[in-house]
Structure formats: structure tokens, C-alpha cells
Amino acid sequence: MIKPLTCPICDKPLPPQMTQDSGVFPFCSSRCKNVDLFRWSDGKYAIVEDLAQRPDILQEILEDDLFTQSNEEEDIY
Ligand SMILES: [Zn+2]
């Protein structure tokens, strides 16, 4: 039985080519993976929306994303 996987952070369906070998599984992207890691490493930010209120922290995550996943689309929002 196969059910569609969704990103636990942004709730988007994972890309079909996403596998556990991708390095970011089960997240849709390294960005969401980093958000999750950051979220748990710093209990102050319990939900993703909080990160959106902290552009400085979000920037840190995005910069790290660019270094570790240079082959991914760089759709910084
Ligand atoms: Zn995601």
C-alpha cells in the first residue's frame, strides 16, 4: 500500500523522485529539513510561522541551504 508522502514542515507532496537517498527525506527540500532541525535545536521556535517572523534566522537557514544543496533550485522567497 502506497500513500502519498507529504513534507512534515510545509505539507507539500514530496517530489516523485524523492527517496531516502536524497539526503533530505522525509522533507521536500533541505530548507524544510533545516527548518525542522532548527526547530528542535531551539525550542523557542515551535512552529514554522515563527521563523517567518525572524528573517535573520531564516536567512541563516537559506544560506546553509545554498551551501549544502547547490544542485537544488534556489527559489528564495
Ligand atoms: Zn517542505
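Residues numbered from 1 in each chain as written. Predicted model: local features only at pLDDT ≥ 70, side-chain atom pairs only at ≥ 80, totals over all residues.

Engineer: What's the story with the overall build of the chain in this structure? I'm lost.
Structural biologist: Regarding its fold elements, the chain presents three helices and zero strands. Sequence-ordered secondary structure for the chain, helices as α and strands as β, is α-α-α. Counting only residues that meet the buried cut, the chain has 17% of its 77 residues in that class. (Helix = DSSP H or I, 4+ residues; strand = E, 2+ residues; numbered from the N terminus. Buried ≥ 20, exposed ≤ 12 C-beta atoms within 10 Å, placed from the backbone.)

Engineer: Would you mind showing me how to read the confidence of the model for the chain here?
Structural biologist: Scored by pLDDT, the chain comes out at a mean of 72, with 56% of its residues at no less than 70. Looking over the chain, one finds the lowest element-wise mean pLDDT in helix α2 (residues 48–52), namely 59, and the highest in helix α1 (residues 30–41), namely 82. (pLDDT = per-residue confidence, 0-100.)

Engineer: I tried to follow unusual backbone geometry on my own but got confused; where do I start?
Structural biologist: Leaving glycine out, the prevailing phi sign among residues is negative, and the prevailing peptide bond configuration is trans. Cis rather than trans, the peptide bond between Phe25 and Pro26 has omega equal to 5°. Considering the arrangement of structural elements, one finds Pro26 in the segment before α1.

Engineer: Help me out: how do you make sense of the environment of Lys12 in this one?
Structural biologist: Among the secondary structure elements, Lys12 is positioned in the segment before α1. For Lys12, a count of 12 C-beta atoms within 10 Å corresponds to the exposed category. Along the chain, Lys12 and Cys28 lie 16 residues apart, while their C-alpha atoms are 7.2 Å from each other. Once residues within four sequence positions are removed from consideration, Lys12 is found in contact with Thr6, Cys7 and Cys28. (Contact = placed C-beta atoms within 7 Å.)

Engineer: Which parts of the structure should I look at to understand the environment of Phe27?
Structural biologist: Inspection of the secondary structure puts Phe27 in the segment before α1. By the C-beta count within 10 Å, which is 24 here, Phe27 ends up buried. Apart from the residues lying within four places of it in its own chain, the contact partners of Phe27 are Cys7, Pro8, Ile9, Cys32, Lys33 and Asp36.

Engineer: Before we go on, may I ask you to explain the environment of Pro15 in this structure?
Structural biologist: Relative to the elements of secondary structure, Pro15 occurs in the segment before α1. Pro15 gets classed as exposed once you count the C-beta atoms within 10 Å, which come to 12. As for Pro15 and Pro4, which are separated by eleven residues in sequence, their C-alpha atoms are 9.9 Å apart.

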